[in-house]
Amino acid sequence: MYKKIDFRVRPPYGHYLTMFEQEQDHFARLADAFDLPLSESQRTGNLDQFVREMDEAEVEVSVVPGRKAIGVTNNEMLELENLHPGRFIVFPYIDPMDCLPIKEQVDRCMQTGKCHGFSIEPTHQPVPYSFDHQRAFELYEILQEVGLPLFVSYSAKLMDLIDPDSVKQLAAVAYHFPDLKLVIGHGGWPWHREVMAMAFNDANIYMIPDMYGLTGAGGEDYIKAANTIMKDQMLFGTAYPIISQKSAADYYENSGIKESVLPRFFYDNAAKLLTL
């Protein structure tokens, strides 16, 4: 096995516990779809058990983006970092539609001294917005200037009304902010090929296949890209608690990703991005 950084985790802590309380049927449905077992922590929402499962899967660090849609706060996720030092890296959530100015939101998080990046979910928050909304440009400019990555949750699963133009909006952000490091979580599915084309032209675009790189439609595209044009830009991530870390790790180890590429996919690319 290989040491790993899981770049997309929603741990059983704070308001993320809502997922464990309300989405068990969803977990079971996806486990059946991908023919994967549910882990104990997926069923129970026990944080200590989840950390033990991290150890079992040889996940050294889990990256935790925010989710305003279910009430997750940056403060409670920073508490999690302190509960298990070195095991979780939080990407605080920024909402350009909030009444609090963007710079103030960013500065509050930066003052903790622990910031490795920030996260947004434009299509899945209380007031949705397009990726290229002018109010978000200030955030992109700030992060480009300070050199911190922006985690963007992006897939049709996170849209009430599926919008094929969304990938063009995302491309506009990459075009206008060429030095901004963008981490595309949730695989960018089903527009993942367009995102891969963007990444082929822009080394600052990273992708996390998570559950979309498994056996579902288009899963083979992520494996091919990891072996070729995105060797240095594809990141391991599970979307836990949707998929257990051990199941995802076992799958990707045997998915066809080249043995020479697996260390980059599982750890090296993420470590470099996080400057660990």
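Everything numeric here is computed off the predicted structure, so don't read it as measured data.

Visitor: Summarise the pairing of strand E2 (residues 59–65); cite the residues concerned and give the values.
Guide: Burial analysis of E2 places six of its seven residues in the buried class, which makes it a mostly covered element. As judged from the three bridges shared by strand E1 (residues 4–6) and E2, these two strands associate in the parallel manner. Note on E2: the bridge partner recorded for Ile5 is Val61. Across four bridges, the pairing between E2 and strand E3 (residues 88–91) is parallel. Following the sheet pairing, Pro65 is matched in E3 by Phe91. You can see the chain leave E2, run along helix H5 (residues 74–83) and come back into E3, and the turn it takes is right-handed.

Visitor: Now, about H5: what can you tell me, with residues and values included?
Guide: Listed as buried for H5 are Asn74, Glu76, Met77, Leu78, Leu80 and Glu81. In this structure, the buried side of H5 is in contact with helix H4 (47–56), E2, E3 and helix H6 (102–110).

Visitor: Pulling in residues and values, what's your account of helix H2 (residues 24–33)?
Guide: Where H2 is concerned, the buried positions are His26, Phe27, Leu30 and Ala31. Viewed end-on, H2 has its buried residues packed into an arc of 135 degrees, placing them on one side of the element. Across H2 from its buried face, at more than 90 degrees, point the exposed residues Asp25, Arg29, Asp32 and Ala33. Taken together, the buried residues of H2 touch helix H1 (17–22) and helix H3 (40–44). Where H2 terminates, the next one or two residues include Asp35, which has phi positive at roughly 55 degrees.

Visitor: Quick rundown of the sheet that holds strand E4 (residues 118–120)? Include the residues and the values.
Guide: Sheet architecture is open: four strands sit in the order E4-E5-E6-E7, paired in parallel fashion. What marks the edges here is a single partner per strand, and that holds for E4 and strand E7 (205–207). Going across the sheet, the axis of each strand differs from the next one's by a mean of 25 degrees, ignoring polarity. By the bridge criterion, three bridges tie strand E6 (residues 182–185) to E7 in an arrangement that is parallel. The partner of Ile184 across the bridge, within E7, is Met207.

Visitor: Help me get a handle on the pattern of salt bridges, residues and values and all.
Guide: When charged atoms on two side chains of opposite charge get close, those side chains can pair. Counted by the stated rule, this structure contains eleven salt bridges. As a salt-bridge pair, Asp107 and Lys103 come within 2.8 Å of each other at their nearest N and O atoms. Note that Asp107 and Lys103 are positioned in helix H6 at a spacing of four residues, about one turn of the helix. Given the relative accessible area of 46%, Lys103 is considered partly exposed. Across the pair Asp232 and Arg264 runs a salt bridge whose closest N-O atoms are separated by 2.9 Å.

Definitions and limits used
Every residue gets a number counted from 1 within its own chain, in the order that chain's sequence is written. Side-chain atom pairs in this predicted model are given and counted only at pLDDT of 80 or more, local residue features only at pLDDT of at least 70, and totals for whole chains, interfaces and linings cover all residues. With hydrogens and water set aside, each side-chain value is computed from the structure's full complement of heavy atoms. Exposure classes here rest on a 1.4 Å probe applied to the protein chains alone. A residue is buried below 20% of its type maximum, exposed above 50%, and partly exposed in between. Only DSSP runs of H or I with at least four residues qualify as helices, and only runs of E with at least two residues qualify as strands; both kinds are numbered from the N terminus onward. When DSSP finds two or more bridges between two strands, those strands count as paired. For the handedness criterion, the strands are oriented away from the viewer, and a crossover whose path from the first strand over the helix to the second runs clockwise is classed as right-handed. A contact between two residues is defined here by any heavy atoms of the two lying within 4.5 Å. By definition, the arc is the one covered by directions from the helix axis to the C-beta atoms. Note on geometry: axes are C-alpha line fits, over the in-contact stretch for helices, and angles between N-to-C directions span 0 to 180 degrees. Salt bridge, as used here: a side-chain nitrogen of Lys or Arg that lies within 4 Å of a carboxyl oxygen of Asp or Glu.

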